[in-house]
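Structural characterization, general
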Amino acid sequence: MVSANCIAHPVMPASRYEQLVQSVVDYAIYMLDPSGRVVSWNAGAERIKGYRAEEVIGHHFSLFFTPEDCADGRPGRLLHQALEQGVAQDEGWRVRKDGTRFWALAALDVIRDEQGEIIGLAKVTRDITDRRESALQLDAVRAQLFQAQKLEALGQLTGGLAHDFNNLLTIIISSARMALGSPDPARVQRMLQHILDAGQRGTELTQQLLSFARHRQLDVSLIAPSSLLTATRGLLEHALPRDITLLERMQPGLPLIEVDAGQLQMVLLNLLFNARDAIAECGTIRLAVDAVELAGEVEGLHGTYVCFEVQDSGEGIDPQVLPRIFEPFFTTKAFGQGTGLGLSQVYGFAKQSNGAISVDSTLGQGTCMRLYLPAYQPEAGIPFDG
Ligand SMILES: Nc1ncnc2c1ncn2[C@@H]1O[C@H](COP(=O)(O)OP(=O)(O)OP(=O)(O)O)[C@@H](O)[C@H]1O
Ligand SMILES: [Mg+2]
């Protein structure tokens, strides 16, 4: 944020200030009287807002705000805040002379005379429309990437699911045959029960898959780590080969976390698929969830975090490769088997959620990935999970 305090600096003569302020074209720098009327105007202000000095001097600075903001009293509030506290900062839409809008970052600082009396305010405004648009575009690309990855994961999951559906259909068909051929009513009852169970299990599988695949906007909400784990386990059971054992451990009474549940599920699947891929034939994946107190040891984080730990007994990561694993498109997998986007997505999610991801790996022994997400801290008391 730009500060305009330099305007009251005593060592430079006024004309030099005038020259300095006038030569700045990237910032609109102008003065207001204590009632909010424009008293000076620089070249940057003319460039950014489109008005010449004689067109705005004497006008109230609410001229640059949108009608909605004016109706809401925003200019008055800013002025009041600056006069009360010495400074006010704002970010929002402003209107140019030609009616077009730009996204502004603005600072309003009071100027006092030698006796400490307020003689006016210095207003510094910057047009950051481009910066805002790039940030929005980045968010949109991120969302697309997540969707693409989701489809990829869905492909991997459906392979396992097709196998499971086949098993369920086998149960249904053979039970129906036996029921048809059996004279024993009790046995027929039992067979019908098998058919019902298998059918219900199939419905559950489809439900889980559909809720995972549904495209949603980023939807941050308070979630219990346990419920998320249950849903993920349901999906995963069918994607791991039989020779890989999945062991789970969850600390009871975990705090809630405030994240997008779909994205977190995707992130966990990424870590679990990486663990699966690192295991050549048979091995173990341990998934543990704990609440931890951090005091700066993980990327300078402090406070209570929920740590999702995915540990595998796979091939481990070569120390030479380790610094690169979070880079987008970095993969050691064969062409067509990995995009190299999994971990960059995990990293982006951790950062976006004010958390962190850490890795510990020993070549030939296995890898442990830890995802730290901040525990939800309400004003009064922390709600706990289960
Ligand atoms: N648990 C792990 N064990 C060993 N190596 C790993 C593990 N997790 C990640 N890696 C290494 O990090 C690389 C990058 O992982 P990342 O998930 O970003 O991409 P990928 O798995 O190669 O591709 P994709 O995620 O698209 O399938 C992997 O290619 C692999 O070399
Ligand atoms: Mg991966």
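Each value, and the rule that gives it
Residues numbered from 1 in each chain as written. Chains lettered and ligands numbered in written order. Predicted model: local features only at pLDDT ≥ 70, side-chain atom pairs only at ≥ 80, totals over all residues. Heavy atoms only, no water. Helix = DSSP H or I, 4+ residues; strand = E, 2+ residues; numbered from the N terminus. Buried < 20%, exposed > 50% of the residue type's maximum accessible area, 1.4 Å probe, protein only. Contact = heavy atoms within 4.5 Å. Areas by Shrake-Rupley, 256 points an atom, 1.4 Å probe, with all protein chains shown as cover. Near = heavy atom within 4 Å. Polar contact = N/O pair within 3.5 Å; in protein donor to acceptor, adjacent residues only side chain to side chain. 1 Å grid on protein atoms, 1.4 Å probe; cavity = no way out; pocket = protein on both sides within 12 Å on 5 of 7 lines; lining within 4 Å. Sits in = over half its atoms within 2 Å of the grid points. Nonpolar A, V, L, I, M, F, W, Y, C, P; charged D, E, K, R; others polar. pLDDT = per-residue confidence, 0-100. Pairing = 2+ DSSP bridges. Axes fitted to C-alpha atoms, helices over the stretch in contact; angles between N-to-C directions. Phe/Tyr/Trp six-rings, centres within 6.5 Å; stacked < 30°, edge-to-face > 60°. Lys NZ or Arg CZ within 6 Å of the ring centre and 35° of its normal. Points joined across faces, edges and corners; volume = space filled by probe spheres on them. Domains from an automatic or database assignment.

1. Section: the overall build of the protein
- For the protein, the helix and strand inventory stands at 10 helices and 11 strands.
- Looking at the protein residue by residue over its 386 residues, the buried ones come to 39%.
- Within the protein, residue pairs in contact and separated by at least 24 positions form 62% of the contacts whose partners lie at least 6 positions apart.
- Of the roughly 21,000 Å² of accessible surface on the protein, 54% is carried by carbon and sulfur atoms.

2. Digging into the site of ligand 1
- Within the structure, ligand 1 sits among 19 residues, and Thr331, Thr332, Lys333, Thr339 and Leu343 are positioned closest to it.
- For ligand 1, an oxygen atom lies 2.8 Å from a polar atom in the backbone of Leu343.
- In this structure, Thr367 approaches ligand 1 through a side-chain N or O atom, which is 3.4 Å from a nitrogen atom.
- With the chains in place, 94% of the 600 Å² that ligand 1 exposes on its own is no longer accessible.
- The pocket occupied by ligand 1, as judged from atoms lying within 2 Å of grid points, is the largest pocket.
- Only helix H9 (261-278), helix H10 (342-352) and strand E11 (366-374) provide two or more residues apiece to the shell around ligand 1.
- With three residues, H9 is the single largest residue contributor to the shell around ligand 1.
- Partitioned by chemical class, the residues of the shell around ligand 1 number eight nonpolar, nine polar and two charged.

3. Considerations on the confidence of the model for the protein
- Of the residues in the protein, 89% have a pLDDT of 70 or more, and the chain-wide mean is 85.
- Considering each helix and strand of the protein separately, the mean pLDDT is smallest for helix H1 (residues 14-23), with a value of 72, and largest for E11, with 98.
- Here residues 1-11 scores under 50 on pLDDT; set against residues more than four positions off or in separate chains, the count is 19 contacts.

4. Some words on the sheet that holds strand E9 (residues 302-312)
- The strand order across the open sheet built from five strands is E6-E8-E9-E11-E10, with neighbouring strands paired in mixed fashion. In this open sheet, the two strands that pair with only one neighbour each are strand E6 (244-250) and strand E10 (356-362). Strand-to-strand twist of the sheet, defined as the mean angle between neighbouring strand axes without regard to direction, takes the value 20 degrees.
- With eight bridges joining them, E9 and E11 adopt antiparallel strand pairing. Across the sheet, Cys307 pairs through a bridge with Tyr372, a residue of E11.
- Packing of H9 onto the sheet brings it into contact with E6, strand E8 (283-295), E9, E10 and E11, and relative to E9 it is tilted by some 35 degrees.

5. Observations regarding the packing of aromatic side chains
- Applying the stated criterion across every chain, the model contains seven aromatic pairs.
- Seen in terms of ring centroids, Tyr30 and Trp41 are 4.9 Å apart; in terms of plane orientation they differ by 55 degrees. Their pairing is tilted. Residue Tyr30 is located in strand E1 (residues 27-32), and its partner Trp41 is located in the loop between E1 and helix H2 (43-49); the two are separated by 11 residues in the primary sequence.
- Look at Trp41 and you get buried, because its relative accessible area is 6%.
- Seen in terms of ring centroids, Phe61 and Phe65 are 5.4 Å apart; in terms of plane orientation they differ by 85 degrees. Their pairing is edge-to-face.
- Cluster of aromatic residues (ring-pair linked, three or more members): Tyr30, Trp41, Tyr51 and Phe64.
- The ring of Phe64 has Lys49 sitting right over it, with the charged end atom 4.2 Å from the ring centre.

6. Examining the pairing of E10
- By the bridge criterion, seven bridges tie E10 to E11 in an arrangement that is antiparallel. In the sheet register, Thr362 faces E11, and the bridge partner there is Gly366.
- Between E10 and E11, which pair antiparallel and follow one another directly, the connecting turn spans three residues, one of which, Gly364, has a positive phi of 85 degrees.

7. Description of the layout of surface pockets
- A volume near 1,000 Å³ is recorded for the largest pocket.
- Along its surface, the largest pocket is lined by 38 residues, and Asn274, Asp277, Thr331, Lys333 and Gly338 are the ones closest to its centre.
- For the lining of the largest pocket, the elements supplying multiple residues, two or more each, are helix H6 (129-181), H9, E9, H10 and E11.
- With 10 residues, H9 is the single largest residue contributor to the lining of the largest pocket.
- Of the residues belonging to the lining of the largest pocket, the class tally is 17 nonpolar, 14 polar and seven charged.
- Residue contributions to the lining of the largest pocket reach at least three from each of two domains, namely domain 2 (129-215) and domain 3 (218-380 + 382-386).

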